[in-house]
Amino acid sequence: MSRRIFDEPFKRMALDLAHARGSIKDVAIELGISSNLLSKWKEREGIAKADTTSLSEEQQLIRKLQKELKEAQLERDILKKAVGIFSKGDGRYSDL
């Protein structure tokens, strides 16, 4: 079994997505990678969860909405890339 190598943009995107969704396991399953690997990337990146206990209700709402916006933007970017890939294809997907 060969070892897969992931480039930095993929790692960054995976970490951003995991941070936005709040679930490493779900993102790892979606991307087809090990959740342990994603956790190691997170440790290496030094991303620590922010302590939300000291934030006001409004600040918590803002943080939640920013998280949802970031997730929606990441999903949009992924879909844009997928459309680009399929539109450059050999015509197999053009009749879908």
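Residues numbered from 1 in each chain as written. Predicted model: local features only at pLDDT ≥ 70, side-chain atom pairs only at ≥ 80, totals over all residues. Heavy atoms only, no water.

Peer 1: Help me understand the overall build of the chain in this model?
Peer 2: For the chain, the count of helices and strands is 4 helices and 0 strands. Secondary structure elements of the chain occur, N-terminal to C-terminal, as α-α-α-α. In the chain, which comprises 96 residues, the proportion classed as buried is 17%. Considering only intrachain contacts with a sequence separation of at least 6, the fraction spanning at least 24 residues in the chain is 49%. Counting every atom, the chain has about 7900 Å² of accessible surface; 54% of that belongs to carbon and sulfur. (Helix = DSSP H or I, 4+ residues; strand = E, 2+ residues; numbered from the N terminus. Buried < 20%, exposed > 50% of the residue type's maximum accessible area, 1.4 Å probe, protein only. Contact = heavy atoms within 4.5 Å. Areas by Shrake-Rupley, 256 points an atom, 1.4 Å probe, with all protein chains shown as cover.)

Peer 1: What should I look at first to understand the pattern of salt bridges in this one?
Peer 2: Close approach of charged atoms allows side chains with opposite charge to pair. According to the stated counting rule, one finds 7 salt bridges in the structure shown. The partner of Glu 75 in a salt bridge is Arg 21, with the nearest N and O atoms 2.7 Å apart. Of this pair, Glu 75 sits in helix 4 (residues 57–87) while Arg 21 sits in helix 1 (residues 8–21), placing them 54 residues apart in sequence. For Arg 21, a relative accessible area of 26% corresponds to the partly exposed category. Of the charged contacts in the structure, one is a salt bridge between Asp 77 and Arg 76, with a shortest N-O distance of 3.0 Å. One network of salt bridges, in which partners are shared, links Arg 21, Glu 30, Glu 71 and Glu 75. (Salt bridge = Lys/Arg side-chain N within 4 Å of Asp/Glu carboxyl O.)

Peer 1: Could you clarify how one ought to interpret the packing of helix 1 against helix 4 in this entry?
Peer 2: A pair of packed helices is captured by two measures, namely the crossing angle of their axes and the spacing between those axes. Contact pair helix 1 / helix 4: the axes reach a minimum separation of 8 Å and the direction vectors enclose 140°. Classified by the interaxial angle, the pair formed by helix 1 and helix 4 is oblique. In this structure, helix 1 meets helix 4 at a crossing whose hand is left-handed. Here helix 1 contributes Met 13, Asp 16, Leu 17, His 19, Ala 20 and Arg 21 to the contact with helix 4, which in turn contributes Lys 67, Lys 70, Glu 71, Leu 74, Glu 75 and Ile 78. (Axes fitted to C-alpha atoms, helices over the stretch in contact; angles between N-to-C directions. Parallel < 35°, antiparallel > 145°, perpendicular 65-115°, else oblique. Left-handed = near helix turned anticlockwise from the far one by under 90°.)

Peer 1: Please clarify how the side chain of Asp 16 should be interpreted in this entry.
Peer 2: Within the element layout of this structure, Asp 16 appears in helix 1. Excluding anything up to four places from it in sequence, Asp 16 contacts Lys 70 and Leu 74.

The quantities given are spatial measurements derived from coordinates; they are silent on function.
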